[in-house]
Amino acid sequence: MQRADGAPIATFSVEIADDAAEREQGLMRRRTLPKGAGMLFVYPSERPVAFWMHDTLIPLDIIFLDGTGRVISVHGNARPLDDTPIPSQGAAQYVLEINGGLAGRLGIGAGSVLSHPAVAAGRAAIPCR
């Protein structure tokens with residue numbers, strides 16, 4: 001993750017969920033998520049999405065990103081086992097889940113940018129190096 005000006009914020013090792021079955025499973029039933037790890041959900045195109053914490057046992061920050069990899073919204077500390085929908089607050093193509101509270105501690109918020117090979121180089125706000 002980077003600030004809008006390209007200054008680095010953090011690096012995460014992410015699992016990719018890029019098909020319907022992987023996106024549906026997500027991080028459900030896991031008891032831990034290693035520090036610096038996460039899951040990147042990849043959709044074929046931008047669209048409003050909503051997540052929930054059904055069968056998810058750990059608190060997560062859910063970071064919604066547009067098709068350029070720019071953060072559009074962050075839902076911090078989503079409650080484990082809560083079925084309440086968490087909407088993207090706009091069209092998202094990528095969603096990054098990390099340990100709860102980490103986005104706030106690192107300063108990840110609207111305007112921050114994800115640089116990852118999953119974000120098409122021709123569209124990426126900051127291309128992956």
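Going by the structure above, here's the rest.
Here is what the cut-offs are and how they apply
Residues numbered from 1 in each chain as written. Predicted model: local features only at pLDDT ≥ 70, side-chain atom pairs only at ≥ 80, totals over all residues. Heavy atoms only, no water. Pairing = 2+ DSSP bridges. Helix = DSSP H or I, 4+ residues; strand = E, 2+ residues; numbered from the N terminus. Right-handed = clockwise from strand over helix to strand, strands pointing away. Salt bridge = Lys/Arg side-chain N within 4 Å of Asp/Glu carboxyl O. Buried < 20%, exposed > 50% of the residue type's maximum accessible area, 1.4 Å probe, protein only. Phe/Tyr/Trp six-rings, centres within 6.5 Å; stacked < 30°, edge-to-face > 60°. Axes fitted to C-alpha atoms, helices over the stretch in contact; angles between N-to-C directions.

1. Overview of the pairing of strand E1 (residues 13–17)
Note: E1 against strand E2 (residues 37–51), 5 bridges, orientation parallel. When the sheet's bridge partners are listed, Ile 16 is paired in E2 with Leu 40. In terms of handedness, the path from E1 via helix H1 (residues 20–25) over to E2 forms a crossover that is right-handed.

2. Considering the pattern of salt bridges
Under the definition given, this model contains 5 salt bridges. Among the ionic pairs, Arg 29 bridges to Asp 55, the shortest N-O distance being 3.4 Å. Separated by 26 residues along the polypeptide, Arg 29 in the loop between H1 and E2 and Asp 55 in the loop between E2 and strand E3 (60–65) bring together distant segments of the chain. Take Asp 55: its relative accessible area is 26%, and that puts it in the partly exposed class.

3. Structural notes on the packing of aromatic side chains
Following the criterion strictly, the structure yields 2 aromatic pairs and no others. Ring centres of Phe 41 and Phe 51 lie 4.9 Å apart, and the angle between their planes is 85 degrees; on these two criteria the pair is classed as edge-to-face. A relative accessible area of 9% places Phe 51 in the buried class. An angle of 85 degrees between the planes, with centres 5.9 Å apart, marks the rings of Phe 51 and Phe 64 as edge-to-face. One end of the pair, Phe 51, is in strand E2; the other, Phe 64, is in strand E3, with 13 residues separating them in the sequence. You can call Phe 64 buried: its relative accessible area is 1%.

4. Describing the sheet that holds E3
Ordered in space as E1-E2-E5-E3-E4, the 5 strands form an open sheet in which the pairing is mixed. Because the sheet does not close on itself, it has two edges, and the strands there are E1 and strand E4 (71–78). Neighbour-to-neighbour, the strand axes of this sheet turn through a mean angle of 25 degrees, independent of strand direction. With 5 bridges connecting them, E3 and E4 associate as antiparallel partners. Considered in E4, the bridge of Ile 63 is made with Val 74.

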